[in-house]
Amino acid sequence: MSVKQIALIGNPNVGKTTLFNQLTGLNQRVANWPGITLDRVSGTYKTGNETLEIIDFPGFYSLEYGEIEEQVVINDLKENEYDCIINIVDGTQLERNLILTSQLIKLGKPIVIAVNFHDLAKSRKIDIDILALERLYGIKVMAINPRNQSGITDLRSFLNQENFQSPNPVVKIKDETKGIIEQIHSEIIPAVINNQCAVDFETTTNKIDKIVLNRWLALPIMFLILYGLFALTFQYVGTPLQDMLDTLINEQFVPWISTAPILADNSMLMSLVVDGIVGGVGTVIVALPLILILFMGMTIIEDSGYMARISVILDRALRHIGLSGRAIIPLISGFGCTVPAVMATKGLQSDRERKMALMLLPFMSCTARVPIYSLFAIVFFPGYEIASVFALYLFGVFIAIIIGLLLKTFVYRETPSPFILELPEYHFPSFKSIFKHTLEKALGFLKKATTVILAGVILIWALSHYTKGLQYTEAMNESLLADLGNILAPVFAPLGFGTWQNVTGIISGFLAKETVVSTFGVVYNGPEGDVTSILNNFFTTRSAISFLVFTLLYTPCVAVVSTTLKEYGRKWAFIIALYPVAVAWIVSFIVYNLLGLFM
Amino acid sequence: MNLSDFKAGDTLTITSICDERLKNRLLNFGCYVDSSVVIKQSTPLGDPMIIAIRDTEIAIRKIDAQKVECELCQ
């Protein structure tokens, strides 16, 4: 059995990913291109006893003059022996798309051209002569349409053949890009497009852009669309689904598994399974609805063409911290849950930008931190609960801006490349493609993230349930975690809250931020686990603020670290686990000492 | 006069591009000295601006647009 490797190549926004999803089944593999953080997506399908692997290359315009990231991908294309290249071109913008085609043909590798949006082109009176294009380039050309299977069967049977032929062009393709452009304009296009009546008509896209990019309407419209996305994700659909899953796990699954004889007889095993594994992995599984809804929405915005407009509208606001407008999506998602937000950073367009956004995400306060805020707000700022929580959110954004400026000035200071962004035509997204993309994203998360999370969960469970003598205990104050809290307490003394109880809470917060409150319930031994009435005995207002700032800024949770591991690799997982702790410590130190001047 | 000096609706001819990287990026869209561009519209925050090269619309920042010398096309 052999595997044929097919490279799928085209300009951005020509329906490449839709074609990819039509060709392959539900078995994508996502890895990174060597040395960069860009996704390398491949998928397979079988015919007879042969397997075809399609590699969905990132969209690029030209083999020459690429940015650094594009060069990595282009070198891979030049150096690896792909059995065949599928070059997908946009029939409505043939002249521009053929620049890449001519360059690809010059490589001399087997290639087939798929002309997308052939019907749309026809309806605009652009009549493409497929046979003439075949003859000129000396290769197979076929018309496809994104929303139905037309052409896909032809393409599949073409890819089925034994030996692919190298192109044998009739025209002598020029060497320089400029020569290629002129040749396409004067030789190829006149021979291929029959009725060259360059009609300057207003497309639907122009009409939509007049409204969505209008000086007064653009921001309200964008606000509504983004609000809709986040409201669906974190309020109307994602969160209710999340609550349902949560109830299912805690009220159905936990009681059911607790009746298992092996657990009922053994309180240690019971605690490991119920408190440790189910509790920890449960918090991860319940993040799944958020990922599903957010990615479905994001894919619709991306595929429809609106994402490019968001980028353009917000460019001026976000470029100061080294980000493009589309970074708004991961950043705002971070206020909901950092896990999908980390995944969303992969949709950004340069290595530098992805890393910058990733570094800022921990400071977008996620919803899991709210129980901590509200506990402290009720005790220390009665009457000003909402204002104080809101101030914390703003403070997080403020720190993110500072870090962004620092990163831009000291770490990622190469001169930004010229910002040139194509505004693609609006298209109705293909729902099959969206569905598949979303499902792949969620499954990938489950498969890869769960292992690390499981390890983290078991580690913290073991720390909080075993004593120094490795005896099982249910009293947390005798546990290794409490010992660890004691050892680390001096580190937090300069921040004003260096007691073993607080440190224990902070460590357990790595598991999930909600855990901080429940840990406090245990370690402060409050009546029925509620610490509201006694928190005053352990914190002053000054140390409470310092503690809040620390929890606002330190590492979100083990799920975020493992998602980062999956998307960005080991080095970045370490950075995301540790650097927010350093930032949190420094900022809390400053805040605590500044407050000391007044309090 | 450079690209950023003109108003929406103007059709221009590029006379020079004084930035090598920008020149190459524009070349990828089939745009070089002597090509014509149309100013389409500005954006809500005033920057970037939107231009059309052949049948492709692109957004370009003012700072880059200032490096593209143009004259009005007759």
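### Here's the deal with the overall build of chain B
Part 1: A count of helices and strands for chain B gives 2 helices and 5 strands.
Part 2: Along chain B, helices (α) and strands (β) appear in the sequence β-α-β-β-β-α-β when read from the amino end.
Part 3: Taken over C-alpha atoms, the radius of gyration comes to 11 Å for chain B, in line with the 11 Å a tight globule of 74 residues would show.
Part 4: By the burial criterion, 58% of the 74 residues in chain B qualify as buried.
Part 5: Counting only carbon and sulfur atoms, one obtains 49% of the accessible surface of chain B, whose full area is about 3,100 Å².
Part 6: Measuring between centres, the 9 positive side-chain charges of chain B sit 5 Å from its 11 negative side-chain charges.

### Concerning the packing of helix 16 (residues 338–345) of chain A against helix 25 (residues 558–568) of chain A
Residue and element names in this part refer to chain A.
Part 1: Relative orientation of the contacting elements helix 16 and helix 25 amounts to 15°, with a least axis distance of 9 Å. The angle between the axes of helix 16 and helix 25 places the two elements in the roughly parallel class. For the pair helix 16 and helix 25, the sense of crossing is right-handed. In this structure, helix 16 uses T338, V339, V342, M343 and T345 to contact helix 25, whose residues at the interface are A559, V560, T563, T564, E567 and Y568.
Part 2: In terms of residue class, the contact of helix 16 with helix 25 is made up of 6 nonpolar, 4 polar and 1 charged.

### With respect to the sheet that holds strand 1 (residues 11–17) of chain B
Part 1: Read from one edge of the open sheet, 6 strands run 8(A)-4(B)-3(B)-2(B)-1(B)-5(B), paired in antiparallel fashion. Edge strands, defined here as strands with exactly one partner in the open sheet, are strand 8 (420–422) of chain A together with strand 5 (68–72) of chain B. Strand-to-strand twist across the sheet, computed as the mean angle between neighbouring axes with direction ignored, equals 40°.
Part 2: Bridge count between strand 8 of chain A and strand 4 (residues 56–60) of chain B: 3 bridges; the pairing is antiparallel. Directly across from E422 of chain A, in strand 4 of chain B, lies its bridge partner I58 of chain B.

### What about empty space enclosed by the protein?
All names here are of chain A.
Part 1: One pass over the structure, following the stated rule, counts 1 cavity of 30 Å³ or more.
Part 2: Elements supplying a minimum of two residues to the lining of the largest cavity: helix 13 (288–304) and helix 15 (328–333).
Part 3: Of the residues in the lining of the largest cavity, the class split is 6 nonpolar, 1 polar and 2 charged.

### Describing the confidence of the model for chain B
Part 1: Looking at chain B as a whole, its pLDDT mean stands at 90, while 99% of the residues score no less than 70.
Part 2: Of the two predicted TM-score estimates for the complex, the pTM is 0.85 and the ipTM is 0.94.

### As for the environment of E478 of chain A
Residue and element names in this part refer to chain A.
Part 1: Positionally, E478 belongs in the loop between helix 20 (431–465) and helix 21 (480–492).
Part 2: Owing to a relative accessible area of 46%, E478 belongs among the partly exposed residues under this scheme.
Part 3: Taking the C-alpha atoms as reference points, E478 and K468, 10 residues apart in sequence, are found 8.2 Å from one another.
Part 4: Look past the residues within four positions of E478 in its chain and what remains in contact with it is Y466, T467 and T473.

### Some remarks on the interface of chain A and chain B
Part 1: Taken together, the contacts link 38 residues of chain A with 29 residues of chain B.
Part 2: Summed over both partners, the interface of chain A with chain B comes to about 3,300 Å²; 56% of that surface belongs to carbon and sulfur atoms.
Part 3: Of all residues in chain A, Y65, P418 and I420 of chain A give up the largest surface area on contact with chain B, accounting jointly for 21% of the area buried on that side.
Part 4: Seen at the junction of chain A and chain B, the total is 3 salt bridges.
Part 5: The closest approach of N and O atoms between D315 of chain A and R61 of chain B, which form a salt bridge, is 2.6 Å.
Part 6: In this assembly, chain A and chain B are joined by 11 residue pairs in polar contact (both at pLDDT 80 or more).
Part 7: If you list the elements that add at least two residues to the side of chain A that touches chain B, you get helix 3 (94–106), helix 7 (177–192), helix 8 (204–212), helix 9 (218–236), helix 14 (306–318) and strand 8 of chain A.

### Focus on the pattern of salt bridges
Part 1: As enumerated under the stated definition, the model contains 23 salt bridges over all chains in all.
Part 2: Between R319 of chain A and D315 of chain A there is a salt bridge; the shortest N-O distance is 2.7 Å. Summarising the burial analysis for this pair, R319 of chain A and D315 of chain A share the class buried.
Part 3: Among the salt bridges present, the one from D64 of chain B reaches K67 of chain B, with a minimum N-O distance of 3.6 Å.
Part 4: With relative accessibility at 5%, the residue D64 of chain B sits in the buried group.
Part 5: Here the salt bridges do not stand alone but share partners, grouping D39, K346, K441, K566 and E567 of chain A into one network.

### With respect to the environment of S62 of chain A
Part 1: Topologically, S62 of chain A is positioned in the loop between strand 4 (50–56) and helix 2 (68–79).
Part 2: For S62 of chain A and Y393 of chain A, which are 331 residues apart along the polypeptide, the C-alpha to C-alpha distance reads 43 Å.
Part 3: Once residues within four sequence positions are removed from consideration, S62 of chain A is found in contact with I74, L100 and Q103 of chain A together with N28 of chain B.
Part 4: At 2.9 Å, the side chain of S62 of chain A forms a polar contact with the backbone nitrogen of E64 of chain A.
Part 5: Here Q103 of chain A takes part through its side chain, which lies 3.3 Å from a polar atom of the side chain of S62 of chain A.

### A short note on unusual backbone geometry
Note: most residues except glycine have negative phi, and most peptide bonds are trans.
Part 1: The step from D47 of chain B to P48 of chain B runs through a cis peptide bond, and the omega angle for that step is -5°.
Part 2: Topologically, P48 of chain B is positioned in the loop between strand 2 (36–42) and strand 3 (49–53).
Part 3: Despite not being glycine, N13 of chain A has its phi angle at roughly 60°, a positive value.
Part 4: When its relative accessible area of 37% is taken as the criterion, N13 of chain A is described as partly exposed.
Part 5: Of note in this structure, D34 of chain B is not a glycine but carries a positive phi near 90°.

### Comments concerning the packing of helix 22 (residues 500–508) of chain A against helix 23 (residues 514–523) of chain A
All names here are of chain A.
Part 1: Remark: helix 22 packs on helix 23, axes separated minimally by 8 Å, with the N-to-C direction vectors making an angle of 150°. When the axes of helix 22 and helix 23 are compared, the crossing they make is right-handed. Where helix 22 approaches helix 23, its residues W500, Q501, N502, T504, G505 and S508 are matched on the opposing element by T515, V516, T519, F520 and V523.
Part 2: Taken together, the residues of the contact of helix 22 with helix 23 sort by class into 4 nonpolar, 7 polar and no charged.

### Details of the packing of aromatic side chains
All names here are of chain A.
Part 1: Taken as a whole and assessed by the stated rule, the structure comprises 30 aromatic pairs over all chains.
Part 2: Ring geometry for F395 versus F398: centroids 6.0 Å apart, planes at 35°, classification tilted. Of this pair, F395 and F398 both sit in helix 19 (residues 385–411), 3 residues apart, which is roughly one turn of the helix.
Part 3: Residue class for F398 comes out partly exposed when judged on its relative accessible area of 45%.
Part 4: Feature note: the residues F376, F380, F492, F497, F510, F520, Y524, F538, F539, F547, F550 and Y554 constitute an aromatic cluster, connected by ring pairs.
Part 5: The ring of Y426 carries R309 above its face, with NZ or CZ at 4.1 Å from the centroid.
Part 6: The lysine or arginine in question, R542, covers the ring of Y592, its NZ or CZ lying 3.8 Å from the ring centre.

Procedures and definitions
- Residues numbered from 1 in each chain as written.
- Chains lettered and ligands numbered in written order.
- Predicted model: local features only at pLDDT ≥ 70, side-chain atom pairs only at ≥ 80, totals over all residues.
- Heavy atoms only, no water.
- Helix = DSSP H or I, 4+ residues; strand = E, 2+ residues; numbered from the N terminus.
- Rg over C-alpha atoms; globule rule 2.2 N^0.38 Å.
- Buried < 20%, exposed > 50% of the residue type's maximum accessible area, 1.4 Å probe, protein only.
- Areas by Shrake-Rupley, 256 points an atom, 1.4 Å probe, with all protein chains shown as cover.
- Lys, Arg positive; Asp, Glu negative; His and termini not counted.
- Charge placed at Lys NZ, Arg CZ, Asp CG, Glu CD.
- Axes fitted to C-alpha atoms, helices over the stretch in contact; angles between N-to-C directions.
- Parallel < 35°, antiparallel > 145°, perpendicular 65-115°, else oblique.
- Left-handed = near helix turned anticlockwise from the far one by under 90°.
- Contact = heavy atoms within 4.5 Å.
- Nonpolar A, V, L, I, M, F, W, Y, C, P; charged D, E, K, R; others polar.
- Pairing = 2+ DSSP bridges.
- 1 Å grid on protein atoms, 1.4 Å probe; cavity = no way out; pocket = protein on both sides within 12 Å on 5 of 7 lines; lining within 4 Å.
- Points joined across faces, edges and corners; volume = space filled by probe spheres on them.
- pLDDT = per-residue confidence, 0-100.
- Buried area = accessible area lost by both parts, 1.4 Å probe.
- Salt bridge = Lys/Arg side-chain N within 4 Å of Asp/Glu carboxyl O.
- Polar contact = N/O pair within 3.5 Å; in protein donor to acceptor, adjacent residues only side chain to side chain.
- Phe/Tyr/Trp six-rings, centres within 6.5 Å; stacked < 30°, edge-to-face > 60°.
- Lys NZ or Arg CZ within 6 Å of the ring centre and 35° of its normal.

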